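Coordinates in review
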Number of protein chains: 2
Amino acid sequence: MGGIGEDVAAGERLFSTGHQLRPWDLAVLASTGIVDVEVFHRPLVAIIPTGEEVVERGASLEPGQVWETNSLMTASFVKKMGGIPRISKIVTDDPQLIEQSIVAGSDADMIIISGGTSVGERDHVPAAVETLGELLVHGVAISPGKPTALGVVDNKPVLCMPGYPVAGLIALIVFGKEAIRILGHFPNRPSTVIRLPLKEKITSRQGYHTYVRVQIRQGEVEPLMVSGAGILSSVARADGYVVVPPNIEGYGAGTVVDVFLF
Amino acid sequence: MGGIGEDVAAGERLFSTGHQLRPWDLAVLASTGIVDVEVFHRPLVAIIPTGEEVVERGASLEPGQVWETNSLMTASFVKKMGGIPRISKIVTDDPQLIEQSIVAGSDADMIIISGGTSVGERDHVPAAVETLGELLVHGVAISPGKPTALGVVDNKPVLCMPGYPVAGLIALIVFGKEAIRILGHFPNRPSTVIRLPLKEKITSRQGYHTYVRVQIRQGEVEPLMVSGAGILSSVARADGYVVVPPNIEGYGAGTVVDVFLF
């Protein structure tokens, strides 16, 4: 039953670097007497929620305040991608405090900082990244998600995701997922895509890769397009998303589109 | 940014029973002030390795002995499927000790017992299940995996998987996976299947659903068919498997087949 010699020859290379060990691979290793193997560590991701208006979940809300939920979403997302999330306390819109939190987070393998990425007087996050390291890009051609910024501090990638939940989620999907995959040396896992016709037309934002949340109902794709990058409940109802490229204005009803399943 | 009222109406049903909460779903719930939700528990799976010839990993081997690896493979498989594995000590081929171990495991949501399922004088597992509860089936038309037995003890499903590693793995894929999914109320997740031509012919065992491990190389499917259900290293090299139905003798080279990816 899988003894030495019978199954694996001495000196035989069983797995290459980067191979993700599956249940039976562990058994093969163990059957040859290998009980410890060197593996890549799961990337530790420091998650920093920012914003004057966000308060801890469970705290009572003053007018104009909302509960902070992006760190919860991000932590769960990071875990799903194979990383280890570490959530910091909420940081208010203060340049110095934001810089401090980034420095504190830079012992991790990656930093995801939420909020404060637009171009307003309360948006200090991209500037903080620039002060501490290198701001690579601020503003990307995705919608929602335009205010996303990317940078490097202390050799660690920093993803500045917009505070609006849906925009933040798209930033996680477009940039966070791949960054965690690379940091964790996880194999490339293509998204599950299905091709189905649209029930209604999709209008998109020209010049942007538009991410449209959709439902699949009876073999048809129903867009859940709603105005406002903050409307997270549209994502809760979604089965996946359709990406409209920047050079067209949308898709007509009946068009067969690629749906990326969540 | 996702405050109450703006996003979700009072009384609105956000999720139905059985919906698997995704990262953004947690954020939607939290944004409405819901910080605790009732969820189905992950099924606890008692894993019982049996066999006179198997010894703890790391122990020194006498002639005829092998290290016990099925419990490791099964535990990792259970975890991957969303269950919680609990591994018992190795039980020797003694009817009473096997019964005791099954009784001890029946506090779990499911029992997977490995080895002792053939029809030999040292194979006491199916009889033990019959004594303690109900033996539903012993012997199934899958190859490898024929000696698999299924039963119920104390209302808990019992999967008796063959001790030969590849046969055991196929039993896990065919029966264990779906059992854990149902017990955990996980949504139905169809396997990822790709259709590609065979590089070489596949011969199968007539009257059985034959599970052939395959590699995918340059757009072609290469069978890793080797004799012996114990040759686990063939699975270590596999990208997935092809199932040949019982009523045919195999597939010829060039046939386009469905490959179930691991």
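Numbering of residues starts from 1 in each chain and follows the order in which that chain's sequence is written. The order in which chains are written sets their letters, starting at A; the order in which ligands are written sets their numbers, starting at 1. Local features are withheld for residues below a pLDDT of 70 in this predicted model, meaning they are given only at 70 or higher, and side-chain atom pairs are given and counted only at 80 or more; totals for whole chains, interfaces and linings count all residues. Excluding hydrogens and water, the side-chain values take into account all heavy atoms of the structure.

A few words on the sheet that holds strand S9 (residues 156–161) of chain A. Residues and elements named next belong to chain A. Note: two strands are recorded as paired if DSSP finds a minimum of 2 bridges between them. Secondary structure elements follow DSSP: runs of H or I no shorter than four residues count as helices, runs of E no shorter than two count as strands, and numbering proceeds from the N terminus. Taken together, the six strands give an open sheet; going across it, the order is S4-S1-S5-S9-S8-S6, and neighbouring strands pair in mixed fashion. What marks the edges here is a single partner per strand, and that holds for strand S4 (84–87) and strand S6 (134–138). With strand direction ignored, the average angle separating the axes of adjacent strands in the sheet is 20°. Sheet analysis places strand S5 (residues 110–114) next to S9, joined by four bridges and oriented parallel. For isoleucine 112, the partnering residue across the bridge sits in S9 and is leucine 159. Throughout, a residue-residue contact means that at least one pair of heavy atoms, one from each residue, lies within 4.5 Å. Convention adopted: a line fitted to C-alpha atoms gives each axis, helices being fitted over their contacting stretch, and angles between N-to-C directions are expressed from 0 to 180 degrees. Contacting strand S1 (44–49), S4, S5 and strand S8 (149–153), helix H3 (residues 95–105) runs over the sheet at an angle of about 150° to S5. Packed onto the sheet, helix H5 (residues 165–183) meets S1, S5, S8 and S9 and runs at close to 170° relative to S9.

We now examine the pairing of strand S14 (residues 240–244) of chain B. Residue and element names in this part refer to chain B. Whether a residue is buried, partly exposed or exposed follows from its accessible area with a 1.4 Å probe, protein chains only, as a fraction of its type maximum: under 20%, in between, or over 50%, in that order. Among the five residues of S14, four are classified as buried, and the element is accordingly described as predominantly covered. One ladder, built from five bridges, connects strand S12 (residues 209–217) with S14; its direction is antiparallel. When the sheet's bridge partners are listed, valine 214 is paired in S14 with glycine 240. Of the pairings in the sheet, the one linking S14 to strand S16 (residues 256–261) comprises two bridges and is antiparallel in character. Residue pairing across strands places glycine 240 opposite leucine 261, the latter belonging to S16.

Any carboxyl oxygen of Asp or Glu that lies within 4 Å of a side-chain nitrogen of Lys or Arg is treated as forming a salt bridge with it. A complete count under the given rule lists 20 salt bridges over all chains for this structure. Close ionic contact of B:Arg86 with B:Asp107 constitutes a salt bridge, the shortest N to O distance being 2.9 Å. On the criterion of sequence distance, the pair formed by B:Arg86 in strand S4 (residues 84–87) and B:Asp107 in the loop between helix H3 (95–105) and strand S5 (110–114) is long-range, its members being 21 residues apart. Between B:Asp239 and B:Arg217 there is a salt bridge, and its shortest N-O distance comes to 3.4 Å. Here B:Asp239, found in the loop between helix H6 (233–236) and S14, pairs with B:Arg217, found in strand S12; they are 22 residues apart in sequence, far enough to count as distant. A single network of salt bridges, built from pairs that share partners, joins A:Glu53, A:Asp93 and A:Arg122.

Here A:Leu169 lies in helix H5. A:Leu169 sits in the buried class, given a relative accessible area of 1%. In this structure, the C-alpha to C-alpha distance between A:Leu169 and A:Thr74, residues 95 residues apart in sequence, is 7.9 Å. When near neighbours in sequence (up to four residues on either side) are disregarded, A:Leu169 contacts A:Met73, A:Val235 and B:Trp24.

When the copies are superposed, the least-squares fit draws on C-alpha atoms of residues that have pLDDT of at least 70 in both. Superposing chain A onto chain B takes a rotation of 180° combined with a translation of 0.0 Å along the rotation axis, leaving an RMSD of 0.0 Å. Each copy turns onto its partner about a two-fold axis. Among all C-alpha atoms of chain A, that of A:Thr192 lies closest to the rotation axis, at 4.3 Å. When the interface residues of chain A are mapped onto chain B, 100% of them again fall at the interface, so both copies present the same face.

This part takes up unusual backbone geometry. With an omega dihedral of -10°, the bond running from A:Ser143 to A:Pro144 counts as a cis peptide bond. Looking at where A:Pro144 falls in the secondary structure, it is placed in the loop between strand S7 (142–143) and S8. Positive phi, close to 70°, is recorded for A:Asn155, a residue that is not glycine. Within the fold, A:Asn155 resides in the loop between S8 and S9. In this structure, B:His185 takes a positive phi of about 55° despite not being glycine. With respect to the helices and strands, B:His185 occurs in the loop between helix H5 (165–183) and strand S10 (193–197). According to the relative accessible area criterion, B:His185 is partly exposed, its value standing at 40%.

Okay, the packing of helix H2 (residues 70–80) of chain B against H5(B) next. All names here are of chain B. Where H2 meets H5, the axes come as close as 11 Å, and the angle between the chain directions of the two elements is 30°. As judged from the angle between their axes, H2 and H5 are roughly parallel. Crossing handedness for the pair H2 and H5: right-handed. Across from Asn70, Met73, Thr74, Phe77 and Val78 in H2, the residues of H5 making contact are Pro165, Gly168, Leu169, Leu172, Ile173, Lys177 and Ile180. Under the convention adopted here, Pro, Cys and the residues Ala, Val, Leu, Ile, Met, Phe, Trp and Tyr are nonpolar, Asp, Glu, Lys and Arg are charged, and Gly plus all remaining residues are polar. Classifying every residue of the contact of H2 with H5 by side-chain character gives eight nonpolar, three polar and one charged. In these notes the angle categories are as follows: under 35 degrees is roughly parallel, over 145 is roughly antiparallel, 65 to 115 is roughly perpendicular, and the rest is oblique. Should the near helix be turned anticlockwise from the far one by less than a right angle, the crossing is left-handed, and should it be turned clockwise, the crossing is right-handed.

Residue and element names in this part refer to chain A. Taken as a whole, helix H4 (residues 125–132) has its buried residues at Val125, Pro126, Ala128 and Val129. Taken down its axis, H4 places every buried residue within 160° of arc, on the same side. In this structure, H4 carries Glu130 and Thr131 as exposed residues pointing more than 90 degrees from its buried face. Looking at the packing, one finds that the buried side of H4 touches H3, S5, S6, S8 and S9. Note that the arc is computed from the directions linking the helix axis to the C-beta atoms.

Residues and elements named next belong to chain B. Across the sheet, six strands lie side by side as S4-S1-S5-S9-S8-S6; this open sheet has mixed pairing. The open sheet has two edge strands, S4 and strand S6 (134–138), and neither has a second partner. Taken over all neighbouring pairs, the strand axes of this sheet differ in orientation by 20° on average, direction set aside. Sheet topology note: the S6/strand S8 (residues 149–153) ladder contains four bridges and is antiparallel.

All names here are of chain A. A residue's pLDDT is the confidence the predictor assigns to it, expressed on a 0 to 100 scale. Across chain A, the average pLDDT comes to 92, with 95% of residues at or above 70. Every residue in residues 1–5 scores below 50 in pLDDT, and together they form 12 contacts with partners more than four places removed in sequence or on other chains. If you check the scores for this complex, the pTM reads 0.89 and the ipTM reads 0.90.

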